[in-house]
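Chain by chain, the residues:
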Amino acid sequence: MSAMRHFLTASHGPLAGAILKSAAFIGGEDVIAGVSVIEVMMEDSGDTIRERVESVFSAYGEEDEIIAMTDVFGGNVTNILTEYIGRRRLHLITGMNLAMILEALLSDPSMDTETLVDRLCRSGREGVKHVNYLMEEKGEEEEI
C-alpha cells in the first residue's frame, strides 16, 4: 500500500473545526472528509494534547505524510506537534487561514508535498491584504 497524505487542523478553541465548516461552505462537504481536527481548551494539559495527537496519528500509516495547519506559532498545540517533526513525515504550518485551508483541500493529490507546502505558505501570506491601502493605490492610478 502506498503512502497517503493527510490533513490536520489544530487550534486554541473551536477555530480548527470552524475553519473546516467554512471550507465546506465554499467547497462542499466532500472537501473536508477525512480531515482531522484538534481543538485545545484552556483546561487541557500538555499530556492531554499529546494524547489527542497520538490518537490522530495512530490512524495514519507510519509512511503517510501529514500536513498539519495550526492557528499560531508558539501555541501549545503547535509546540507539541513540533515534537513529531523527524519522528513522523510531518509538515507543520502555522498561521492557518481559510485561503490556505482551501488551497490544501482542493489541491491535486498527485502534487509533490514540498510543492504543496510552499503553495500553502504562499497562499496564506498572499491572502493578507490591507484593503484600504489597495483602494488608495487604485484611486491614485486612476487619477493619473
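Now for a look at the structure at hand. The structure displayed is predicted, hence computed values, not measured ones.

A look at the pairing of strand E3 (residues 65-70)
Point 1. For E3, the tally of buried residues reaches 6 of 6 residues, placing the bulk of the element in the interior.
Point 2. Side chains Glu65, Ile67 and Met69 project from E3 onto one buried face, and the interleaved Ile66, Ala68 and Thr70 project onto a second face that is buried too.
Point 3. By the bridge criterion, 6 bridges tie E3 to strand E4 (residues 89-94) in an arrangement that is parallel. What sits directly across from Ile66, in E4, is Leu90.

Focus on the pattern of salt bridges
Between side chains of opposite charge, a pair can form as their charged atoms come close.
Point 1. Evaluated as defined, the whole model comprises 7 salt bridges.
Point 2. Of the charged contacts in the structure, one is a salt bridge between Arg89 and Glu65, with a shortest N-O distance of 3.1 Å. A residue pair is termed long-range when its members are at least 10 positions apart, and Arg89 in strand E4 and Glu65 in strand E3 qualify at 24 residues.
Point 3. On the basis of relative accessibility, which here comes to 34%, the residue Arg89 falls in the partly exposed class.
Point 4. Each of Asp47, Arg50 and Glu83 takes part in a single network of salt bridges with overlapping partners.

Points about the side chain of Ser11
Point 1. Relative to the elements of secondary structure, Ser11 occurs in strand E1 (residues 5-12).
Point 2. Judged by its relative accessible area of 0%, Ser11 is buried.
Point 3. A polar atom in the side chain of Ser11 sits 3.4 Å from the backbone nitrogen of Leu15.

Let's talk about the nonpolar core
Point 1. In terms of nonpolar packing, the biggest core is built from 22 residues, with Phe7, Ile67, Met69, Ile101, Leu105 and Leu120 touching the most fellow members.
Point 2. Elements that contribute at least two residues to this core include exactly helix H1 (15-27), E3, helix H4 (98-105) and helix H5 (113-126).
Point 3. Ile38, Ile49, Tyr60 and Ile80 belong to the second largest nonpolar core, which has 16 residues in total.

A short note on the environment of Val72
Point 1. As for its placement among the helices and strands, Val72 is situated in the loop between E3 and helix H3 (76-82).
Point 2. By relative accessible area, which is 40% here, Val72 ends up partly exposed.
Point 3. Once you skip the residues sitting within four places of it in the chain, Val72 turns out to touch His12, Thr78, Thr94 and Gly95.

Re the pairing of E1
Point 1. Of all the 8 residues making up E1, 7 are buried; the element is thus mostly covered by neighbouring parts of the structure.
Point 2. When E1 meets E3, the two strands line up parallel, connected through 6 bridges. In the strand pairing of E3, Thr9 is matched with Met69.
Point 3. Two strands pair when backbone bridges link them, and E1 and strand E2 (residues 36-40) are joined in this way by 5 bridges, in the parallel orientation. Bridge pairing in E2 places His12 opposite Val40.
Point 4. Between the parallel elements E1 and E2, the chain passes through H1 in a crossover that is right-handed.

Conventions and cut-offs
Residues numbered from 1 in each chain as written. Predicted model: local features only at pLDDT ≥ 70, side-chain atom pairs only at ≥ 80, totals over all residues. Heavy atoms only, no water. Buried < 20%, exposed > 50% of the residue type's maximum accessible area, 1.4 Å probe, protein only. Helix = DSSP H or I, 4+ residues; strand = E, 2+ residues; numbered from the N terminus. Pairing = 2+ DSSP bridges. Salt bridge = Lys/Arg side-chain N within 4 Å of Asp/Glu carboxyl O. Polar contact = N/O pair within 3.5 Å; in protein donor to acceptor, adjacent residues only side chain to side chain. Core = buried A, V, L, I, M, F, W, Y, C linked by side-chain atoms within 4.5 Å. Contact = heavy atoms within 4.5 Å. Right-handed = clockwise from strand over helix to strand, strands pointing away.

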